[in-house]
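Each chain, letter by letter, is given below.
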Amino acid sequence: MQAEPVLPLLDIAGLSVAFANDRGDDFTAVRGLDLVVAEGETLAVVGESGSGKSVTAMAVTRLIDNAGGRITGGTIRFRDRSGAVRDLAREPAADMRRLRGPEIAMVFQEPMTSLNPVLTVGDQIAEAIELHQRLSHQAAREEARRMLERVRIPEAARQLDRYPFQLSGGMRQRVMIAMALSCRPRMLIADEPTTALDVTVQAQVLRLMRELQREFGMAMIFITHDMGVVAEIADRVLVMRAGEKVEEGDVFAIFERPAAPYTRALLAAVPALGSLAHESLPRAFPENGRDLPPQDTVREGGPPVLEVQDLTTRFDVASGWFTRNKARIHAVEHVSLEVRPGETLGLVGESGCGKSSTGRSVIRLEQPQAGAIRFEGSDVSVLRGDAEARLRRGVQYVFQDPFASLDPRLTVGFSIAEPITTNRLLSGPAVEARVGELLRQVGLPPEHGRRYPHELSGGQRQRVCIARALASEPRLIIADEAVAALDVSIRAQVVNLLMALQRERGLAFLFISHDMAVVERIAHRVAVMYLGQIVEIGPRQAVMIDPQHAYTRRLLAAVPVPDPRQRGHERGLDDSEVPSPLRRLDDPPQVAPLVQVGPDHYVARHHVGGLY
Amino acid sequence: MSATVADNRISSPVAEFWRRFRRKRVALVAGFIILLIALAAIAAPLVAPYDPSAPDYDNVLADPSALHPFGTDAYGRDILSRVIWGGRISLSVGVISVLVGGAVGIVLGLVSGFFGGWVDSLIMRFCDVLFAFPGLLLAIGVVAVLGPGISNVIWATSVFSVPAFARLVRGDALALKRAVYVQAARSIGVRPVTLMLRHILPGALPGVIVNGSLRLGNNILTAASLSFLGLGAQPPSPEWGAMLADGRSYLGVADWLTLWPGVAIFVTVLAFNLLGDGLRDALSQKLR
């Protein structure tokens, strides 16, 4: 115990932030929030969408002034480099500008939109340095190079002259971090900095941020919705909900002895990879604190619902009257898989691996170049007449973003009815009755059919999309990252809904996801995709417990573990980047043959050893 | 926890639009003025104090007075009546040309953007050709071929309204055909024509409405210009552009001959432009 209490770096008391909307009434996004950050400490602010966590961060940097919000109460006391305590809630805009950068820096979620696309990386970092440290352009660029090295960007000197679009998402986020750190801020505010990144890249960036925070000795406010990420990075945790603080405490206390019911619910909804390690069947998320039984829905015998053989989809880059085609994206390369009635096949991989292209090729949103697609035993490779009708009725697709996949100008009831009327399954008042019934089945009141998509919440919208997918009584639903855009608690509910529908109707799912923990819950079998090819496919338990392919192992190791005690012991991460599926025309990829390694378990065996 | 919906009011996109548009004062006033002009034009036989083409040789070039508020022209015809009747011609030229040009343009744009490929190239090159001519010059060309007269002016203005609509709708169609909800509709087997009419066209309508309003003003101006050049409405029909041309010889003597038709053109075109801007502001906000 120190005799003299250490002054906090940031001390927020009773902060309220309101937004004016065009109806004239104010919307209070943050209400009476208290928050303290000590020097050199990492505070994670956790909450679901609309909890006010980002708004809090924007209030501290006063970027809120430009976003249509205003601080309606409270103080934001910040102790600056000279030791003077300032109230940022009342600081003049000009002084705030001088504080942003050298004192408080920010990193945002979307590294592509936060970087200026027409300036080179080097010039952008140098600009920040010149502005605040009054260095010459030459010296600033030299400093920019040193910063890029510190964020572990290989060949930093060469990267200086590249434009943001030439870098991968992970590299762009490193550049953003380098830019934020270039002025040696005393506090870094990171708003969902890893949310847009793939798991393996997220793991790299999280480790980097942890190391940099130590090296620079700065405080950090880390805003996230992901409890797994919190466990990886936080010293203390603040849980927010609907603009108010729910609970605050040491990271171990929050994870091990959560006091508030909301925190407990939040933690329960976090899928922990490995929780079904000892059983082979899928099992829904616990509901109301009770575990649900595992469910065995696969029906053996008879033809598979979906059979895909040697599916190949490639996209030509630059085609037109005057440009010659020089390269090709090999999105899907000789993919073969089958889904049995009542079975869920999880298709996992990182962005760009071709998992969505595979799903889209099946329902012909992309035109595959080669391969056979059979639905319930009959060939639907060529969409002609009867085959098209069978496929359109029997296979339905659920997209990632439920808001984008509903026509904003039509009521959701109309959208749900569209598959019924299009396939002429019912007519007249029967359609409306069926829409009401479908809404009930996905847990929504039938009156919601008269609403427009913007009048529903994210989870409700995804339920509408599921109702729509059910409308034509399909045998197979392809769920393309269908729960990725939802908050954790809603995600668990929607996964459980899908599993309940499978139980009741014997539906088969092709569940495309990057989230290994969710896949563990729902899938009977798992297929891992890498660069357009399936590198491992087999029973879920076998693939996850005993991954045979190096990439599967890497993917599993990168999943954040929602347990702060397990932090620190490095789990064999490498910093390599996933190569691009874009190839020259005369350089087709090698297709690795699948070799059986266990019952129903196959792994790609590559000709060249080492790199996968 | 999922109760992020601000309120339970059900608001259709149309209601949402009206809520925003109501606040645009200038556009509302412009719309009101257009309404007045349109009503006056429709009710011209009731509103106009005189027969617009009946000469009165005792009252030639009369100063504005209580009997003739806007004065009379070289044949003694009442200017006020001619301006009111002229509104009929000008507005119908504007409305018909925008409806015809808009309809053709929308269809071409939808097909072009939705199907792409050589169809798109063909339609867009056709539009490029039309765009390459200055609008007025093109209209003069068309009228020169077809012969002067107001119906040919309507054809001409219709033709050169097409490319703007086509390009606009094509742009929206290009963007919207990649929208996830259009893909979702495609994935359940919705046919191309339904896809275009139900899912893509409504998304393109805001742009069409705005462009339609701006173009209406523009076409009225072009029609007046053609009539001014003697290629449009033929005497004695009262048309604003033709009246300007008639009054030109008396500029120093009787300036009301050119003043009032000029004011009519100016106010109408300005009102359509202001209305268009207001519509754009109210419609461009995303319906979220």
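Residues numbered from 1 in each chain as written. Chains lettered and ligands numbered in written order. Predicted model: local features only at pLDDT ≥ 70, side-chain atom pairs only at ≥ 80, totals over all residues.

J.: When you look at the overall build of chain B in this model, what are you seeing that I'm missing?
T.: When helices and strands are tallied, chain B shows 11 helices and 0 strands. When the helices and strands of chain B are placed in sequence order, the string is α-α-α-α-α-α-α-α-α-α-α. Each principal axis of the C-alpha distribution contributes one length, and for chain B these read about 80 × 50 × 30 Å. When each of the 288 residues of chain B is scored for burial, the buried share is 44%. (Helix = DSSP H or I, 4+ residues; strand = E, 2+ residues; numbered from the N terminus. Buried ≥ 20, exposed ≤ 12 C-beta atoms within 10 Å, placed from the backbone.)

J.: When you look at the overall build of chain A in this model, what are you seeing that I'm missing?
T.: Scanning chain A for helices and strands turns up 20 helices and 23 strands. Against the compact-globule benchmark of 25 Å for 612 residues, chain A has a radius of gyration of 26 Å, which places it among compact chains. The buried share of chain A, reckoned over its 612 residues, is 50%. (Rg over C-alpha atoms; globule rule 2.2 N^0.38 Å.)

J.: Hey, could you run me through the sheet that holds strand 1 (residues 10-20) of chain A in this one?
T.: To summarise the sheet geometry, strands pair through backbone hydrogen bonds and adopt either a parallel or an antiparallel arrangement. Residue and element names in this part refer to chain A. Read from one edge of the open sheet, 4 strands run 2-1-4-5, paired in antiparallel fashion. Two strands in the sheet have a free side with no partner beyond their single neighbour: strand 2 (26-37) and strand 5 (85-87). Sheet twist, expressed as the mean angle between neighbouring strand axes with direction ignored, is 10°. As defined by bridge partners, strand 4 (residues 69-79) adjoins strand 5 across 3 bridges and the pair is classed as antiparallel. In the sheet register, Phe78 faces strand 5, and the bridge partner there is Arg86. (Pairing = 2+ DSSP bridges. Axes fitted to C-alpha atoms, helices over the stretch in contact; angles between N-to-C directions.)

J.: Could you clarify how one ought to interpret the pairing of strand 3 (residues 42-46) of chain A in this entry?
T.: Residue and element names in this part refer to chain A. Counting buried residues in strand 3 gives 5 out of 5 residues, a clear majority hidden from the surface. As paired strands, strand 3 and strand 8 (residues 219-224) are joined by 5 bridges and run parallel to one another. Pairing of Ala44 across the sheet is with Phe222, part of strand 8.

J.: What should I look at first to understand the sheet that holds strand 3 of chain A in this one?
T.: Residue and element names in this part refer to chain A. The strand order across the open sheet built from 6 strands is 6-7-8-3-9-10, with neighbouring strands paired in mixed fashion. The open sheet has two edge strands with one neighbour each: strand 6 (104-107) and strand 10 (244-250). The average angle at which neighbouring strand axes cross in this sheet is 15°, direction not considered. The strands touched by helix 1 (residues 53-61) are strand 3, strand 6, strand 7 (187-191), strand 8 and strand 9 (236-241); relative to strand 7, the strand with the most contacts, the crossing angle is about 145°. (Contact = placed C-beta atoms within 7 Å.)

J.: How should the packing of helix 9 (residues 192-228) of chain B against helix 10 (residues 240-248) of chain B be read in this particular structure?
T.: Axis angle and axis distance: for two packed helices, these are the angle between their axes and the distance between the axes, and together they describe the pair. Residue and element names in this part refer to chain B. Helix 10 packs onto helix 9 with a crossing angle of 40° between their chain directions and a minimal axis gap of 6 Å. The chirality of how helix 9 crosses helix 10 is right-handed. The segment helix 9 lies against helix 10, with Ala223, Ala224, Ser225, Leu226, Ser227 and Phe228 engaging Trp240, Gly241, Ala242, Leu244 and Ala245. Among the residues forming the contact of helix 9 with helix 10, the class breakdown is 8 nonpolar, 3 polar and no charged. (Left-handed = near helix turned anticlockwise from the far one by under 90°. Nonpolar A, V, L, I, M, F, W, Y, C, P; charged D, E, K, R; others polar.)

J.: Sorry if this is basic, but what is going on with the nonpolar core here?
T.: One broad trend across soluble globular proteins is that nonpolar side chains are buried collectively. Residues Ile478, Leu510, Phe511 and Val528 of chain A are the most contacted members of the largest nonpolar core, which totals 253 residues. Considering each element in turn, this core owes the most residues, 14 residues, to helix 4 (residues 79-115) of chain B. Here this core spans two domains, and each of domain 1 (10-269) and domain 2 (299-376 + 480-563 + 571-612) of chain A adds at least three residues to it. Discounting residues that sit within four places of it in the chain, Val528 of chain A has contacts with Val348, Gly349, Ile534, Val535, Glu536, Val543, His549, Tyr551, Thr552 and Leu555 of chain A. (Core = buried A, V, L, I, M, F, W, Y, C linked by C-beta atoms within 7 Å. Domains from an automatic or database assignment.)

J.: Sorry if this is basic, but what is going on with the domain arrangement of chain A here?
T.: One frequently used descriptor of interface size is the decrease in accessible area upon assembly of the parts. Residues and elements named next belong to chain A. For chain A, the assigned domains read domain 1 (10-269) and domain 2 (299-376 + 480-563 + 571-612). A separation of 34 Å is found between the C-alpha centroids of domain 1 and domain 2. Broken down by secondary-structure element, the contributors of at least two residues to the side of domain 1 that touches domain 2 are helix 8 (199-216), helix 9 (227-233) and helix 11 (261-269). Here the side of domain 1 that touches domain 2 gets 6 residues from one element, more than from any other, and that element is helix 8. Considered class by class, the residues forming the side of domain 1 that touches domain 2 number 9 nonpolar, 7 polar and 6 charged.

J.: Teacher, can you tell me more about the confidence of the model for chain A here?
T.: Low pLDDT marks stretches whose predicted atomic positions should not be read closely. Averaged over all residues, the pLDDT of chain A is 87; the fraction at 70 or higher stands at 94%. At the low end of the mean pLDDT range in chain A sits helix 3 (residues 111-114) of chain A, at 73; at the high end sits strand 13 (residues 344-348) of chain A, at 96. (pLDDT = per-residue confidence, 0-100.)

J.: Would you mind showing me how to read helix 12 (residues 355-362) of chain A here?
T.: Residue pairs spaced three or four apart in an α-helix point in one direction, given the helix's 3.6 residues per turn. Counting buried positions along helix 12 of chain A gives 8 out of 8 residues, so the element sits mostly inside the fold. Of the residues flanking the end of helix 12 of chain A, it is Arg364 of chain A, one or two places downstream, whose phi is positive at about 65°.

J.: Just to check I follow, could you spell out the interface of chain B and chain A for this structure?
T.: Listed by partner, the interface residues are 23 residues for chain B and 32 residues for chain A. When residues of the side of chain B that touches chain A are traced back to their parent elements, those giving at least two are helix 8 (180-187) and helix 9 of chain B. Class assignment for the residues of the side of chain B that touches chain A results in 14 nonpolar, 7 polar and 2 charged.

J.: Please clarify how the environment of Val362 of chain A should be interpreted in this entry.
T.: Residue and element names in this part refer to chain A. With respect to the element layout, Val362 can be found in helix 12. A tally of 27 C-beta atoms within 10 Å means that Val362 is categorised as buried. Along the sequence, Val362 and Pro593 sit 231 residues apart, while their C-alpha atoms lie 22 Å from each other. With residues near it in sequence (within four places) discarded, Val362 still touches Leu306, Val308, Ile373, Val395 and Ile478.

J.: Would you take a moment to explain unusual backbone geometry for this structure?
T.: In this structure, Pro236 of chain B follows Pro235 of chain B across a cis peptide bond, with omega equal to 5°. Its location among the elements puts Pro236 of chain B in the loop between helix 9 and helix 10. For Arg134 of chain A, which is not glycine, the phi torsion reads 50° and is therefore positive. Within the secondary structure, Arg134 of chain A sits in the loop between helix 4 (121-133) and helix 5 (137-150). Look at Ala242 of chain A: it is not a glycine, yet its phi comes out positive at around 50°. Along the chain, Ala242 of chain A falls in the loop between strand 9 and strand 10. Classification of Ala242 of chain A by C-beta neighbours within 10 Å gives partly exposed; the count is 18.

J.: How do you make sense of the pairing of strand 14 (residues 370-375) of chain A when you look at a structure like this?
T.: Residue and element names in this part refer to chain A. In terms of strand pairing, strand 11 (residues 306-317) meets strand 14 through 5 bridges, oriented antiparallel. Residue pairing for strand 14: Thr312 is matched across the bridge by Ala370. Across 2 bridges, strand 14 lies against strand 15 (residues 378-379) in antiparallel orientation. Its bridge partner being in strand 15, Phe375 is matched across the sheet by Ser378. Linking strand 14 back to strand 15 in an antiparallel pair, the connection comprises 2 residues, with Glu376 at a positive phi of about 45°.

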